[in-house]
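# Summary of structural features
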Amino acid sequence: MYHKIWVSPTPGITIDKVERQQAALQFRQCIQLRDAYLYKPIVPEQLDARLQKFQAQVRATPLAPPRPPTDDTSNTLSVVFGDDGIGRVTSTNTATHDLVSTYKPPFTLSEFNRDVTQVWAAAAGKLTRSFAFRRLRMLDVNYEFHTLMNETYELNSTKNDKADFNQVTKVDIHLHAASAFTRQELLQFIKTKAIVDKDRVVLADGTTMGQVLSQCGISDVDDITTESLDVAANASMFHRFDNFNDSYNPFGAKDLRTIFMKTSNHIQGKYFSELIRDVVIDRVQRQQNRVAIEPRLSIYGRGGMAEWEALSNWIVDHQVLDLDATTGATTGHVRWMVQIPRLCNIFMGKAYANFAGLMKNIFEPMFLATLYPDKYPKVYAFLAHVGGIDCVDDESNHDPLLMTAADTPACQYTTKANPPYSYWCYHIYANLFALNRLRESKGLNTFHFKPHCGESGPRHHLATSYLLAKAVNHGWRLDLEPAMQYLYYCSQIGLGLCPLSNDSLFITLKNSPIGKLANRGLNVCLGTDDPLQFHNTNAPLLEEYTVAGHFFDFTATDKSEIARNSVLMSGFDHHWKREWLGEHYMEMNDVLANTQDKSNISNIRTHYRHTNLMRELNYIASLSGMAAATKATATGAKAAIGYLTLAGHTFPDPQCLKNVMQSMFEQYQSYEELILADNVATQDKDAASLVQLATEVGSVGGVKVEEVAVGETKTSSGGGEHDESIGRSRRKTVQYLGRKNMMMGGE
Ligand SMILES: [Zn+2]
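The present account deals with the structure reproduced in this document. (Residues numbered from 1 in each chain as written. Predicted model: local features only at pLDDT ≥ 70, side-chain atom pairs only at ≥ 80, totals over all residues.)

## With respect to the overall build of the protein chain
Secondary structure summary: the protein chain contains 31 helices and 14 strands in total. Across the 747 residues that make up the protein chain, the buried fraction comes to 50%. Taking the contacts inside the protein chain whose residues are at least 6 apart along the sequence as the reference set, 72% of them involve residues at least 24 apart. (Helix = DSSP H or I, 4+ residues; strand = E, 2+ residues; numbered from the N terminus. Buried ≥ 20, exposed ≤ 12 C-beta atoms within 10 Å, placed from the backbone. Contact = placed C-beta atoms within 7 Å.)

Here it is in structure tokens:
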């Protein structure tokens, strides 16, 4: 039980209705576009037995992942890169020809150009902006009321569960490997190497460690400090990403960056591997307050398979993984990301002749290692530990939404300047789409596309990522675009926000919208970005939570919510997500997904969030006149019910529901009678699902069902994972009804 607002509109309100309908229609079309673009596995991860088996074996023997089973098609598949720079899987076996043709991305470059223009135009429209502004403000006011009235209830309700904020897993979803260690850690490491490896040759020209340090003016390592290291963020970096990039050079020396922070150098990245494995990973493994990390390593597309092999050798040969010393299995602390820097200005005309060549350099090795694991065993092994692909650069460089000749095929793009963000992202998305379909068909892990976006520079980057990305890193600039922000809210796109990084580079904490975004219910996660530059303690991610907690007045429930978001946004596999969030975490309904003993989030909060989101989706659907996609006749009910699907949620058409509820009343006299009927879940499946659907939109306020014991509702027969999950949801729905929960009203 908790306090809720119920706003009942006076019947007949028509002011601005036509404008609101037009805005709602544009929002709905954008959401549906994203739904169509986003890569979704054909079989959900938790139901894919082959994938689960593969991942279990990868966890057990991380350096030698099992090969996918060979089948008739294995020897007939190959990958071809066309003029568009996108990999296509082909088959010489006519039987599988049709199958592999489905691997191709669902939209062409010109279709994407059309659609991203539509999304950006919608986001920039007057009607949509004022509509979104009002809806977002309502979310603010709702939240304010919610916490004022319910904070104590929320905290009390988690006091006796089995979790607390220390125990819940917090994933650092935004972390660059080259700066994953703190200044103190790097300083200590350099000091150690200066003594024990003084005479080791560390550069190709024969220079030793001792000589490099003396060239930097260091005669006695006892004298050096974190300040002389000169990597900490400072005032010269604000809005100067170039200066920030230079800060990666310890003591201002590029050679030291090469020696300590590169995977490929004269010492084969030995020091860097020790820094990541023995310092960073060791720290998070030992940390009491549970943290997991997603560090990023770069692939520039400058060396094709050789570049991928060098990186993979580094991971595998140095065992840069979260291995358990006793069992050799992984401990669930590290999932890798690969970041693609946008650097045509450096490599065009050298490492590749055109943009198609660049894409081929990046993606062909990933296809080949998937198709021929025995030929490229280390790349294959590394890919088993990769959860996603990022795309990075100084976003503040100006670029247009589209080039003048926007549909230029990648083979004809030879300019030294970077093409626009949208062009980059489309090509990465399209390659990943095809690659993911291929990997999924073999029971292998797939990769989320999670680019840097909305940190600085043009705001239309947010429109590109809205269509193409699973989640984004940064994204605070949504604050400047209400309609875009509303879309990110409705689609619940993960935001890997980094308040301390922003504070030094682009927006001070004082002006940061992060607290507001989180309170409204956007899918906010916290990451560190670069502990080397930005953090002052030996627990950078906790520092982030602590500072944000104080600065934005986050309660323990707020912080636990952010922690849960970070697990969901991460690329960790189903096993770990279930371990950290409970077995129902993948449910779209927050209430059903929440296991308080794991998440430390009050069920009050998840209910609050879910009803708010469903209200917005319903509002858009009904205002825009969305037609119900399918109709199912309810046994016993006199009306049919239509289902709507938007942003991954399926819910009953509000108009149909009204009719159905009316007919249910007539048949059963009251909702109470309907719900208490013994046969609801066993024989009268449709009636039970009506209750569930009615609950989904919160239209059954006032129903008294406390008497229904949750465990008594039987699962429908039929077996199989799908049926079980329906039965379980149904039981939970009754429980959910039992709390007499209602939604907050519309306008
Ligand atoms: Zn970053």
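## Some points on the sheet that holds strand S6 (residues 386-392)
Here five strands make up an open sheet; going across it, the order is S3-S4-S5-S6-S7 and the pairing parallel. Each of the sheet's edge strands pairs with one partner strand only, and the pair in question is strand S3 (170-176) and strand S7 (448-449). Sheet topology note: the strand S4 (residues 291-298)/strand S5 (residues 336-341) ladder contains three bridges and is parallel. Across the sheet, the residue bridging to Leu 297 is Val 338, located in S5. (Pairing = 2+ DSSP bridges.)

## Comments concerning the pairing of S5
With five of six residues buried, S5 is to be regarded as a mostly interior element. On the question of chirality, the crossover connecting S4 to the parallel S5 by way of helix H12 (residues 304-317) is right-handed. (Right-handed = clockwise from strand over helix to strand, strands pointing away.)

## Let's talk about helix H14 (residues 355-371)
Each α-helix winds once per 3.6 residues, and so residues spaced three or four apart point in a common direction. In this model H14 runs 24 Å from its N-terminal to its C-terminal C-alpha over 17 residues, within 8% of the 24 Å that 1.5 Å per residue would give. The axis of H14 is deflected most strongly, by about 35°, at Phe 363, and proline Pro 365 appears within four residues downstream. Of all 17 residues in H14, 16 are buried, a share of seventy percent or more. (Expected span 1.5 Å × (residues − 1). Bend = angle between axes of the 7 residues up to and from the residue.)

## Quick notes on unusual backbone geometry
Phi at Gln 268 is positive, roughly 50°, even though this residue is not glycine. Relative to the elements of secondary structure, Gln 268 occurs in the loop between helix H10 (254-261) and helix H11 (270-286). Phi at Gln 319 is positive, roughly 50°, even though this residue is not glycine. Its location among the elements puts Gln 319 in the loop between H12 and S5.

## Digging into the environment of Thr 207
Along the chain, Thr 207 turns up in the loop between helix H6 (183-196) and helix H7 (209-215). Setting aside residues no more than four positions away along its own chain, Thr 207 makes contact with Val 201, Val 202 and Val 212.

## Remarks on the environment of Ala 410
In this structure, Ala 410 sits in the loop between S6 and helix H16 (421-441). Residue classification places Ala 410 among the buried positions, given that 25 C-beta atoms sit within 10 Å. In sequence terms Ala 410 and Asn 354 are 56 residues apart; their C-alpha atoms lie 6.8 Å from each other. Those residues within four positions of Ala 410 in sequence are excluded, and the remaining contacts are Asp 83, Asp 84, Gly 85, Asn 354, Phe 355, Ala 356, Met 359 and His 427.

## Some details on the pairing of strand S10 (residues 494-497)
Burial of S10 is two-sided: the residues Gly 494 and Gly 496 facing one way and the residues Leu 495 and Leu 497 facing the other way are all buried. Of the pairings in the sheet, the one linking strand S9 (residues 471-474) to S10 comprises three bridges and is parallel in character. Bridge pairing in S10 places Ala 471 opposite Gly 494. Handedness of the crossover is the feature at issue here: the chain leaves S9, passes through helix H18 (residues 482-490), returns alongside S10, and the resulting connection is right-handed. As paired strands, S10 and strand S11 (residues 524-526) are joined by three bridges and run parallel to one another. For Leu 497, the partnering residue across the bridge sits in S11 and is Leu 526.

## Describing the packing of helix H1 (residues 17-37) against helix H4 (residues 109-124)
One way to put it is that H1 packs onto H4 with a least axis distance of 10 Å and a crossing angle of 145°. As H1 packs across H4, the resulting crossing turns out to be left-handed. Contacts between H1 and H4 involve Gln 26, Cys 30 and Leu 33 from the former and Asp 115, Val 119 and Ala 122 from the latter. Broken down by class, the residue content of the contact of H1 with H4 amounts to four nonpolar, one polar and one charged. (Axes fitted to C-alpha atoms, helices over the stretch in contact; angles between N-to-C directions. Left-handed = near helix turned anticlockwise from the far one by under 90°. Nonpolar A, V, L, I, M, F, W, Y, C, P; charged D, E, K, R; others polar.)

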